[in-house]
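Chain by chain, the residues:
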Amino acid sequence: MTNRTDVTIAAINGHAPRIHPSAFIAPGCRIIGNVEIGAEASIWYNCVIRADVNRIVIGARTNIQDGSVVHCDSPKPGRPAGYPTLIGEDVLIGHMAMVHGCTLADRAFVGLGSVVMDDCTIESDGMLAAGAMLTPGKTIGARQMWMGRPAKFARDLSDDEIADHQAGVARYVQNGKLHAEALGPGA
């Protein structure tokens, strides 16, 4: 993976990215520092995953779609651990999202163009709608959808909507394999 010329995968501050061999990393990505990417995860074209001041964990089968940025927050007085970014398994993160110093539980959903800020949590099967901004310290509960800038609770998600999100996860796992095959060895 580190010999590819179409991505940047670099160590910083003594920490190198750890990427499962089955993960798909698209051309144009920049993955820096203390990053862990799980099995069958997919990081799509031109994403930046930068863990230079804390750590970032991305769980199995999670997808981070094109142009998204994932960062973390450094330790500070009164906050000695800072805010790592912890992303669970089977998470969908839409195109051009900004995810910073937060926790996304298994099966969370971040809509395209959304912003998730420091010390936020999206619980399992929770959803931040497209274009929304989850301001610092907020929590989206399990099966809740929040929307707006700043985001506020809108409604609970139906079983069908949650099933559709998980079908999307499966499609992205398959799509990652198809793109890796189309791009050839090393992708």
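1. Thoughts on the sheet that holds strand β16 (residues 127–128)
Inference 1: Taken in spatial order, the eight strands make up an open sheet running β3-β5-β7-β10-β13-β16-β19-β20, and their pairing is mixed. Each having just a single partner strand, β3 (24–25) and β20 (152–156) make up the two edges of the open sheet.
Inference 2: The sheet contact formed by β3 and strand β5 (residues 42–43) spans two bridges and is parallel. When the sheet's bridge partners are listed, Ile 25 is paired in β5 with Ile 43.

2. Things to note about the environment of Val 116
Inference 1: With respect to the helices and strands, the residue Val 116 is situated in strand β14 (residues 115–116).
Inference 2: Residue classification places Val 116 among the buried residues on the basis of a relative accessible area of 0%.
Inference 3: Through-space distance from the C-alpha of Val 116 to that of Ala 132 is 8.4 Å; in sequence the pair is 16 residues apart.
Inference 4: Setting aside chain neighbours within four positions, we find Val 116 in contact with Met 98, Val 99, His 100, Cys 102, Leu 104, Val 110, Ile 122, Leu 128 and Leu 134.

3. Overview of the side chain of Asp 73
Inference 1: Here Asp 73 shows up in the loop between β8 (69–71) and β9 (85–87).
Inference 2: At a separation of 3.0 Å, a polar atom in the side chain of Asp 73 contacts the side chain of Lys 76.
Inference 3: There is a polar contact of 2.7 Å between the side chain of Asp 73 and the side chain of Arg 79.
Inference 4: With sequence-adjacent residues up to four places away left out, Asp 73 is seen in contact with Val 53, Asn 54, Arg 79, Gly 82, Tyr 83, His 100, Gly 101 and Asp 118.

4. As for the pairing of strand β19 (residues 144–147)
Inference 1: Where β16 and β19 come together, two bridges link them in parallel fashion. Bridged to Met 127 within β19 is Met 145.
Inference 2: What sits between the antiparallel neighbours β19 and β20 is a turn of four residues, in which Gly 148 has the positive phi angle 105 degrees.

5. Quick word on the packing of aromatic side chains
Inference 1: For the structure on display, the rule yields four aromatic pairs.
Inference 2: Centre to centre, the rings of Phe 24 and Tyr 45 are 6.4 Å apart; their planes meet at 70 degrees, and the pair counts as edge-to-face. Of this pair, Phe 24 sits in strand β3 while Tyr 45 sits in the loop between β5 and β6 (48–58), and the two are 21 residues apart along the sequence.
Inference 3: For Phe 24, a relative accessible area of 3% corresponds to the buried category.
Inference 4: Taken together, a centroid distance of 5.5 Å and an interplanar angle of 80 degrees make the contact between Trp 44 and Tyr 172 edge-to-face. Pair noted here: Trp 44 is in the loop between β5 and β6 and Tyr 172 is in helix α1 (residues 159–183), with a separation of 128 residues, a long-range link. Tyr 172 shares its class with Trp 44; the two are buried.
Inference 5: A connected cluster of aromatic rings, assembled from ring pairs, spans Phe 24, Trp 44, Tyr 45 and Tyr 172.

6. Here we look at the pairing of β20
Inference 1: Two strands pair when backbone bridges link them, and β19 and β20 are joined in this way by four bridges, in the antiparallel orientation. Residue Met 147 lies in a different strand from β20, and its bridge partner there is Lys 152.

Analysis parameters
- Residues numbered from 1 in each chain as written.
- Predicted model: local features only at pLDDT ≥ 70, side-chain atom pairs only at ≥ 80, totals over all residues.
- Heavy atoms only, no water.
- Pairing = 2+ DSSP bridges.
- Helix = DSSP H or I, 4+ residues; strand = E, 2+ residues; numbered from the N terminus.
- Buried < 20%, exposed > 50% of the residue type's maximum accessible area, 1.4 Å probe, protein only.
- Contact = heavy atoms within 4.5 Å.
- Polar contact = N/O pair within 3.5 Å; in protein donor to acceptor, adjacent residues only side chain to side chain.
- Phe/Tyr/Trp six-rings, centres within 6.5 Å; stacked < 30°, edge-to-face > 60°.

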